[in-house]
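Analysis of the macromolecular model
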Amino acid sequence: MELNKNTKKYLKYFLLFCLLSIVFTFIINIVVSNKSKEFIYDKVKDVPPCYTALVLGAKVSQSGYPSDFLKDRMDIAIELYKNKKVKRFLLSGDHGQKNYDEVNSMKKYLLE
């Protein structure tokens, strides 16, 4: 099947757009990674003290127990609190349905 001239032209533009989008995405990723390196800490002792720590939500089970990923986040938050790096937490999560509540599950876990 032979493509007409206009179709070839649009296909070239589309492929060029895709290629530029991929290159742009990689460039943005490199810039963000380089700019944020100084704010990533491997050890609690290196974290500068602050008043409030934001803990982002993640999946919780139907019974309200946090996923392993969320549990890891909250365990780190607890470690920061115990080491006097933060004084309080700002919990952020989904509560779009009556039977799904990340924030209160997180609160319960942190208080326990």
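Use the structure listed above.
Presented here is an overview of the structure given in this document. Since the model is a prediction, treat every value here as computed from it, not as a measurement.

**Section: the nonpolar core**
- Membership of the largest hydrophobic core is limited to 10 residues, which are Val55, Ala58, Val60, Leu70, Met74, Ala77, Tyr100, Met106, Tyr109 and Leu110.
- Looking at this core, the elements with two or more residues in it are α2 (68-82) and α3 (102-111).
- Dropping the residues within four chain positions of it, valine 60 is found in contact with Tyr65, Pro66, Ser67, Leu70, Tyr100, Asp101, Glu102 and Ser105.
- Val44, Val47, Ala53 and Leu80 belong to the second largest nonpolar core, which has 5 residues in total.

**Observations regarding the environment of valine 32**
- Along the polypeptide, valine 32 turns up in helix α1 (residues 5-36).
- Judged by its relative accessible area of 48%, valine 32 is partly exposed.
- When the C-alpha positions of valine 32 and leucine 56 are compared, they lie 20 Å apart, and in sequence the two are 24 residues distant.

**As for the packing of aromatic side chains**
- Counted according to the given criterion, the structure contains 1 aromatic pair.
- One residue, lysine 9, lies across the ring of tyrosine 10, its end atom 5.8 Å from the ring centre.

**Description of the pattern of salt bridges**
- The full count for this structure, using the stated rule, is 2 salt bridges.
- One salt bridge connects aspartate 46 with lysine 45, and the closest N-O pair in it is separated by 3.5 Å.
- On the accessibility criterion, lysine 45 (64% relative accessible area) is exposed.
- Between aspartate 75 and lysine 71 there is a salt bridge; the shortest N-O distance is 3.2 Å. Of this pair, aspartate 75 and lysine 71 both sit in helix α2, 4 residues apart, which is roughly one turn of that helix.

Each value, and the rule that gives it
Residues numbered from 1 in each chain as written. Predicted model: local features only at pLDDT ≥ 70, side-chain atom pairs only at ≥ 80, totals over all residues. Heavy atoms only, no water. Core = buried A, V, L, I, M, F, W, Y, C linked by side-chain atoms within 4.5 Å. Buried < 20%, exposed > 50% of the residue type's maximum accessible area, 1.4 Å probe, protein only. Helix = DSSP H or I, 4+ residues; strand = E, 2+ residues; numbered from the N terminus. Contact = heavy atoms within 4.5 Å. Phe/Tyr/Trp six-rings, centres within 6.5 Å; stacked < 30°, edge-to-face > 60°. Lys NZ or Arg CZ within 6 Å of the ring centre and 35° of its normal. Salt bridge = Lys/Arg side-chain N within 4 Å of Asp/Glu carboxyl O.

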